[in-house]
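Per-entry structural report
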Amino acid sequence: MKFIKQYWLVILIFSTVTLFVLLRTFNQNNFRYDAVKWAEPSVHGSNILTEDQIESIEGEKLIIALGGEDTVSKPVQDDVLKLDPESVLEKGNLDILRRNKGPVILYSDKSSISAKVWMVLSEMGLKNIYIILPQENHLIQ
Amino acid sequence: METRIKFSLLLILLGILLAFLPLSANRSFTVKPLRLLSDVLNKEASFSVDQIAEFMVREDSTIQLIDLRSSEESKRITMPGAINIPYPEFIQKDPEIYLNKKAIKNIFFSNGDIESSYALVYARGLGYKNTYLLEGGVSEWSKTIIETRFSGDRITARENALFETRKRAGEMFTELNSLPDSLKTRFLESKRFSAKKLDGGCE
């Protein structure tokens, strides 16, 4: 008790700083530390899959078609989730991505869109996210 | 309580704090995810090949083209005025070396859109707002600028201006890339030196 009375200010400051650090560290809606580490799959190209590779992956695949009619020209099947790229980070959509037990595959007619969304999601700490290139894609028919 | 025990407690608490603090020297994104995604998806984050052709013909010194392809590909063909930073190197090294001049628009390009898109998100995430990408990359450049042809009987003034710009930019591109490697390097360096002199920069 005497210790707390003597050092209450130090304890208060320390607790506040610790709380902020913990919130920052475990906040799933923010970017992770070490941007280089989370960008690594893009350096090796291991985040880009061909159709054959996707077929052979185990687990529940979630295919996300990014964009409107100008970026997803092929008709979208029922088991493909169609999302506006800007809405990917909405809480509901992020929860769907995180809850999916298998790989999440991003597709767009414009590869720049899927690449940008991939990088943002990867830097937020989401793993098991991949891109399929337009010329490779026969999954959306 | 003894001073020794107090001091030990303090050290333990500091140790717990340090375990969670990101004291690694590696870079982290400073922008919020929603803001970053919105920025990079905005059309203003990219330039078309025609816009780049315009900059090239005007010898605009406020733009810097950054070639993210491998050094071998870059030596074979590249854009006039471009500096080559292969994508893996761009990610591993401190981008401050290349992106620190706020007055310069840094425009990433690759063969297509993928690596330049990654680089754009990465750079903007780290807080470098003066970064953009070239839509379509070298492929689009070849298709639109190098292979530009006029067809039809009539041409409007606007189409003519566009055609002339594309033709001139294409000539500059071909002129540079037909030089032997050693001369190409000297040509690019002299262009950069001239641009710095015009800007009043020091060498």
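Sequence positions are assigned chain by chain, starting from 1 and proceeding in written order. To read the labels, note that chains go from A and ligands from 1, taken in the order they are written. Per-residue local features are limited, in this predicted model, to residues with pLDDT of at least 70; the limit for side-chain atom pairs, both in listing and counting, is 80 or more; totals at the level of whole chains, interfaces and linings are taken over all residues.

It is worth spelling out the sheet that holds strand E3 (residues 83-84) of chain B at this point. Residues and elements named next belong to chain B. If you trace the five strands from one edge of the open sheet to the other, you get E1-E5-E4-E2-E3, paired in parallel fashion. The strands lining the two open edges of the sheet, one partner per strand, are strand E1 (46-47) and E3. A strand pair is defined by DSSP finding two or more bridges across the two strands. Each helix corresponds to a stretch of at least 4 residues labelled H or I by DSSP, and each strand to a stretch of at least 2 residues labelled E; elements are numbered beginning at the N terminus. For E1 and strand E5 (residues 131-134), the ladder comprises two bridges, and the chain directions are parallel. Within the sheet, the bridge partner assigned to phenylalanine 47 lies in E5 and is leucine 134. Packed onto the sheet, helix H7 (residues 114-125) meets strand E4 (105-109) and E5 and runs at close to 175° relative to E5. Note on contacts: each residue gets a C-beta atom placed from the backbone, and two residues are in contact if those atoms are within 7 Å. Axis geometry follows a simple rule: fit a line to the C-alpha atoms, using only the stretch in contact for helices, then measure angles between N-to-C directions, giving values from 0 to 180 degrees.

Helix-helix packing is characterised by the crossing angle of the two axes and by the distance between the axes. Residue and element names in this part refer to chain B. In the contact formed by helix H3 (residues 49-58) and helix H9 (residues 157-177), the axes pass within 9 Å of each other and the chain directions differ by 70°. As the angle between them shows, H3 and H9 are arranged roughly perpendicular. Helix-helix and strand crossings are classified by hand; for H3 and H9 the assignment is left-handed. Only Leu162, Thr165, Arg166, Arg168, Ala169 and Met172 of H9 make contact with H3, whose side of the interface consists of Asp50, Ala53, Glu54, Met56 and Val57. A breakdown of the residues in the contact of H3 with H9 according to their chemical character gives six nonpolar, one polar and four charged. Angle categories: roughly parallel below 35 degrees, roughly antiparallel above 145, roughly perpendicular from 65 to 115, and oblique for all the rest. Take the far helix as your reference; a near helix turned counterclockwise from it by less than a right angle gives a left-handed crossing, and one turned clockwise gives a right-handed crossing. Amino acid classes used here: Ala, Val, Leu, Ile, Met, Phe, Trp, Tyr, Cys and Pro are nonpolar; Asp, Glu, Lys and Arg are charged; the rest, including Gly, are polar.

This paragraph deals with the interface of chain B and chain A. One widely used convention gives an interface's size as the accessible area the parts lose upon coming together. Contacts between the two partners involve 31 residues from chain B, matched on the other side by 28 residues from chain A. Element by element, the count of residues in the side of chain B that touches chain A is highest for helix H2 (residues 33-41) of chain B, at seven residues. Tallied by class, residues from the side of chain B that touches chain A come to 21 nonpolar, eight polar and two charged.

A word on H2 of chain B. Residues are called buried when their C-beta atom has 20 or more other C-beta atoms within 10 Å, exposed when it has 12 or fewer, and partly exposed otherwise; all C-beta atoms are positioned from the backbone. Leu36, Leu37, Val40 and Leu41 of chain B are the residues of H2 of chain B that are buried. Looking straight down H2 of chain B, one finds its buried side chains confined to an arc of 120°; they lie on one side. Tucked into the core, H2 of chain B has its buried residues touching helix H5 (111-123) of chain A together with H7 of chain B. Note that the arc is defined by the directions from the helix axis to the C-beta atoms.

That is the geometry; function is a separate question.
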